[in-house]
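Structural overview for review
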Amino acid sequence: MKKLLFCLFIAFAATLIAAPDPNVDLSKTSMNVKEDLEKKLVALDLGIDPKASAAEIYSKITSYVEKYIPDPKYPDDKLSLETIKQCLLAAKNGDYCIGALIANEKGEILVAGHNSQKSKNRSDYHGEMFVMNEFESNKNFDSYRKNLVYDKNLTLYSSAEPCPMCTIRLITTELNSKFVASSDDDGMTSRIQHLPRIWRDNSTRSTREKANCSPALSSVAHILFYLSVFDAFRDKNSEGK
Ligand SMILES: [Zn+2]
């Protein structure tokens, strides 16, 4: 009986201490093959079995995210966490795990949303595009825009570095942006110099930077995105068989 109680205590203690290393940002290295994802799932230190189903993995990450308290050491932690909550909603619908929001200078969220490409059958429904569509469709926000250009005090947050399509729209609207996860292959921010000259020139009118958030949140956002990508490929492969 004593042995059983001891084992239960150890199992309980393990759940209490299971948390990503707050000093390690797993999004700093790229994710090329599924084995990279499996290694990072273990390194995330949430007691995840990398061979478990995507649903089980999402469930473990969701319970970590739900309990996470923003760290005041990081000014972007609160809004970064919100983008991750949004991307978990995308995962529930079977969409790619990207969440986004637009906040004002007080950190108040004006609109939030997530990728819904697969569930809504819309190629343009990336998380960033979705929130910009919502923003531009809402008359209450007209005062935040002059024609196509957004107010300089607004910032778009997204859980991962924006892709080429979304980057071009951010440049067009001159909307400043921050992203939670970033690796060498994730997005367009590090490749602005490859754009045609007019886009390069216009890009100087807005900023693009990594959010100043906890490395643990960057790790979670990075893993969630690639989990949804690899899971989609798995579905595609099995459909053809
Ligand atoms: Zn995009």
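Before any of the text, the structure's been laid out above.
Given the structure is predicted, the values throughout are model-derived calculations rather than measurements.

Some thoughts on the sheet that holds strand 7 (residues 208-210)
What the five strands build is an open sheet, ordered 2-1-5-6-7; its pairing is mixed. Of all the strands in the sheet, the pair left with one neighbour each is strand 2 (109-114) and strand 7. The average undirected angle you get between the axes of adjacent strands in this sheet is 20 degrees. Packing against the sheet, helix 4 (residues 77-92) makes contact with strand 1 (99-103), strand 2, strand 5 (155-160) and strand 6 (176-181), and its axis sits at approximately 140 degrees to strand 1.

Observations regarding the environment of isoleucine 69
You can see isoleucine 69 is positioned in the loop between helix 3 (54-67) and helix 4. A count of 8 C-beta atoms within 10 Å places isoleucine 69 in the exposed class. Counting along the chain gives 12 residues from isoleucine 69 to leucine 81, while the straight-line C-alpha distance between them is 8.9 Å.

Focus: the nonpolar core
Among the nonpolar cores identified, the biggest contains 51 residues, and Cys97, Val131, Val180, Ala221 and Leu224 are the most heavily contacted of them. Elements that contribute at least two residues to this core include exactly helix 3, helix 4, strand 1, helix 6 (127-137), strand 5, helix 7 (164-173), strand 6 and helix 9 (215-239). Element by element, the count of residues in this core is highest for helix 9, at nine residues. Sequence-distant contacts of valine 180, that is, excluding residues within four places in its chain, are made with Ser80, Thr83, Ile84, Ser159, Ala160, Ala211, Cys213, Leu217, Ser218 and Ala221.

Focus: helix 6
Turning to helix 6, its buried residues number three or more, namely Gly127, Glu128, Met129, Phe130, Val131, Met132 and Phe135. Lining the buried residues of helix 6 we find helix 4, strand 1, strand 2, strand 5 and helix 7.

A short note on the packing of helix 3 against helix 4
Geometrically, a packed helix pair is captured by the angle between its two axes and the distance between the axes. At a minimum axis distance of 11 Å, the contact between helix 3 and helix 4 shows a crossing angle of 155 degrees. Relative to helix 4, helix 3 is oriented roughly antiparallel. For the pair helix 3 and helix 4, the sense of crossing is left-handed. Across the interface between the two elements, Tyr58, Thr62 and Val65 of helix 3 pack against Ile84, Lys85, Leu88 and Ala91 of helix 4.

Here we look at the pairing of strand 2
As judged from the five bridges shared by strand 1 and strand 2, these two strands associate in the antiparallel manner. When the sheet's bridge partners are listed, leucine 101 is paired in strand 2 with alanine 112.

A few points about helix 7
Three or more residues of helix 7 are buried, namely Cys166, Thr167, Leu170, Ile171 and Thr173. At its buried positions, helix 7 is contacted by helix 6, strand 4 (149-150), strand 5, strand 6 and helix 8 (197-203). Two residues or fewer after helix 7 comes glutamate 174, characterised by a positive phi angle close to 60 degrees.

Points about the environment of lysine 210
Positionally, lysine 210 belongs in strand 7. Note on lysine 210: 18 C-beta atoms within 10 Å, which makes it partly exposed. Here the alpha-carbon distance between lysine 210 and tyrosine 157, two residues 53 residues apart in the chain, equals 9.4 Å. For lysine 210, the residues in contact, after removing those within four places along its chain, are Lys178, Phe179 and Ser182.

Here's the deal with the pairing of strand 6
With five of its six residues buried, strand 6 lies for the most part within the structure. Bridging between strand 5 and strand 6 involves five bridges; their strand directions are parallel. Bridging across to strand 6, alanine 160 finds its partner in alanine 181. The parallel pair strand 5 and strand 6, bridged by helix 7, forms a crossover whose chirality is right-handed. Direction of pairing for strand 6 relative to strand 7: parallel, over a ladder of three bridges.

Observations regarding the packing of helix 6 against helix 7
At a closest axis distance of 9 Å, the pairing of helix 6 and helix 7 adopts a crossing angle of 35 degrees. In the crossing of helix 6 with helix 7, the sense of the turn from one axis to the other is left-handed. Along the contact surface, helix 6 presents Glu128, Met129 and Met132, while helix 7 presents Cys166, Arg169 and Thr173. Among the residues making up the contact of helix 6 with helix 7, the classes are represented as three nonpolar, one polar and two charged.

Calculation notes
Residue numbers run consecutively from 1 along every chain, following the written order of its sequence. In keeping with the predicted nature of the model, local features appear solely for residues at pLDDT of at least 70, side-chain atom pairs appear and are counted solely at 80 or more, and the whole-chain, interface and lining totals rest on all residues. Paired strands, as defined in this entry, are two strands with at least two bridges between them according to DSSP. Each helix is a run of H or I in the DSSP string that is no shorter than four residues. Each strand is a run of E no shorter than two, and both are numbered from the N terminus. Interaxial angles span 0 to 180 degrees and are taken between N-to-C directions of axes, which are lines fitted to C-alpha atoms, for helices over the stretch in contact. We call two residues in contact when the distance between their C-beta atoms, placed using the backbone, is within 7 Å. To assign burial, the other C-beta atoms lying within 10 Å of each residue's own C-beta are counted, with C-beta atoms placed from the backbone; 20 or more indicates buried, 12 or fewer indicates exposed, and intermediate counts indicate partly exposed. A set of buried Ala, Val, Leu, Ile, Met, Phe, Trp, Tyr and Cys residues, joined through C-beta atoms within 7 Å, is what we mean by a nonpolar core. Here is the rule for angles: anything less than 35 degrees is roughly parallel, anything more than 145 is roughly antiparallel, 65 through 115 is roughly perpendicular, and the remaining ranges are oblique. Handedness of a crossing follows from how the near helix is turned relative to the far one, being left-handed for an anticlockwise turn of less than a right angle and right-handed for a clockwise one. Call a crossover right-handed when, viewed with both strands pointing away from you, the route from the first strand across the helix to the second goes clockwise. Asp, Glu, Lys and Arg are counted as charged, while Ala, Val, Leu, Ile, Met, Phe, Trp, Tyr, Cys and Pro are counted as nonpolar; the rest, among them Gly, fall into the polar class.

Geometric descriptors of this kind do not, in isolation, establish any biological role.
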